[in-house]
Amino acid sequence: MPKDYINLFHQMEDEMERMTSDALRHFQRGPTRKTTWQPRADVCETHDAVIVIVELAGLTEDEIERQVKVTLSSDDRALRISGHRDEPSLPDERVACHQLEIMFGPFERIVPLPNAGLIRDSISAHYRSGLLRITLPKRPPESPRTIIIRGGL
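Residues numbered from 1 in each chain as written. Predicted model: local features only at pLDDT ≥ 70, side-chain atom pairs only at ≥ 80, totals over all residues. Heavy atoms only, no water.

Could you give me a rundown of the nonpolar core, with the residues and numbers involved?
Counting 20 residues, the largest nonpolar core has Leu56, Ile81 and Leu136 as its most contacted members. If you list the elements that add at least two residues to this core, you get strand S2 (49-55), strand S4 (78-85), strand S5 (105-112) and strand S7 (131-137). In this structure Leu136 touches Ala49, Val50, Val52, Leu72, Leu79, Leu113, Leu118 and Ile123, once residues within four positions along its chain are discounted. (Core = buried A, V, L, I, M, F, W, Y, C linked by side-chain atoms within 4.5 Å. Buried < 20%, exposed > 50% of the residue type's maximum accessible area, 1.4 Å probe, protein only. Helix = DSSP H or I, 4+ residues; strand = E, 2+ residues; numbered from the N terminus. Contact = heavy atoms within 4.5 Å.)

Before we move on, can you summarise the pairing of S7 with the specific residues and values?
The element S7 is largely enclosed, with a buried count of five among its seven residues. By the bridge criterion, seven bridges tie S2 to S7 in an arrangement that is antiparallel. Bridge assignment links Ile53 to a residue of S7, and that residue is Arg133. One ladder, built from five bridges, connects strand S6 (residues 124-128) with S7; its direction is antiparallel. By the bridge assignment, His126 is partnered in S7 with Arg133. Between S6 and S7, which pair antiparallel in sequence order, lie two residues; one of them, Ser129, sits at a positive phi of approximately 55°. (Pairing = 2+ DSSP bridges.)

I'd like a rundown of the environment of Asp121, residues and numbers included.
The residue Asp121 is located in the loop between S5 and S6 in this model. For Asp121, a relative accessible area of 78% gives the class exposed.

If you had to explain the environment of Val111 to someone new, which residues and values would you point to?
By the secondary structure assignment, Val111 is in strand S5. On the basis of relative accessible area, Val111 is assigned to the buried category, the value being 3%. In this structure the C-alpha to C-alpha distance between Val111 and Val54, which are 57 residues apart in sequence, comes to 9.8 Å. What Val111 contacts, discounting residues up to four positions off in sequence, is Ala41, Val43, Val52, Arg77, Ala78, Leu79 and Ile81.

I'd like a description of the sheet that holds S4, backed by residues and values.
Read from one edge of the open sheet, three strands run S3-S4-S5, paired in antiparallel fashion. Every interior strand has two partners, whereas the edge strands, strand S3 (69-72) and S5, have only one. Pairs of neighbouring strands in the sheet enclose a mean axial angle of 15°, with direction left out of account. (Axes fitted to C-alpha atoms, helices over the stretch in contact; angles between N-to-C directions.)

Which residues make up the packing of aromatic side chains, and what are the values?
This structure, assessed with the given rule, holds one aromatic pair. Where Trp37 meets Phe107, the ring centres are 5.1 Å apart and the plane angle is 50°; that geometry is what we call tilted. Of this pair, Trp37 sits in the loop between helix H1 (3-28) and strand S1 (41-45) while Phe107 sits in strand S5, and the two are 70 residues apart along the sequence. The buried category is assigned to Trp37, whose relative accessible area is 5%. A relative accessible area of 2% places Phe107 in the buried class. Here Arg85 stacks its cationic end above the ring of Phe104, 5.4 Å away from the centre of that ring. (Phe/Tyr/Trp six-rings, centres within 6.5 Å; stacked < 30°, edge-to-face > 60°. Lys NZ or Arg CZ within 6 Å of the ring centre and 35° of its normal.)

I'd like to hear about the sheet that holds S6, residue by residue, with values.
In a beta sheet, neighbouring strands are held together by backbone hydrogen bonds and run either parallel or antiparallel to one another. Taken in spatial order, the four strands make up an open sheet running S1-S2-S7-S6, and their pairing is antiparallel. Each end of this open sheet is capped by a strand with a single partner; those strands are S1 and S6. Here the average twist between neighbouring strands, direction ignored, is 15°.

Take a look at the structure:
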């Protein structure tokens, strides 16, 4: 099977998983239980870094700085992005909503990361046009070491 089809099937599988998770969360929530939603995320790797892009449309830069938290796990294997997106006020004269697809309220996304040997002190994040881009620089690969074998113990 050509590689493009494999990527397409993986994307479809991810989207089905997200939709199923969202639907189950909707049915499981009780009157006092908070619901969270998961923003979409892309994870790409270059020679120098792992790049995570999270879709957070509707938040201002100030809201990103105040309300969004990005946490790297102690083993560098997962990135947690959490925060809150407020629902915009709609006109008071609305009678009904015919379609509601945009999620508001608290969100959380845990993104698994490749085992890439990250430089924790150099991680950066930038927000522009609704996308939060987190750059996690990788350590350069170590050069091979030659081990000298000596006779006797």
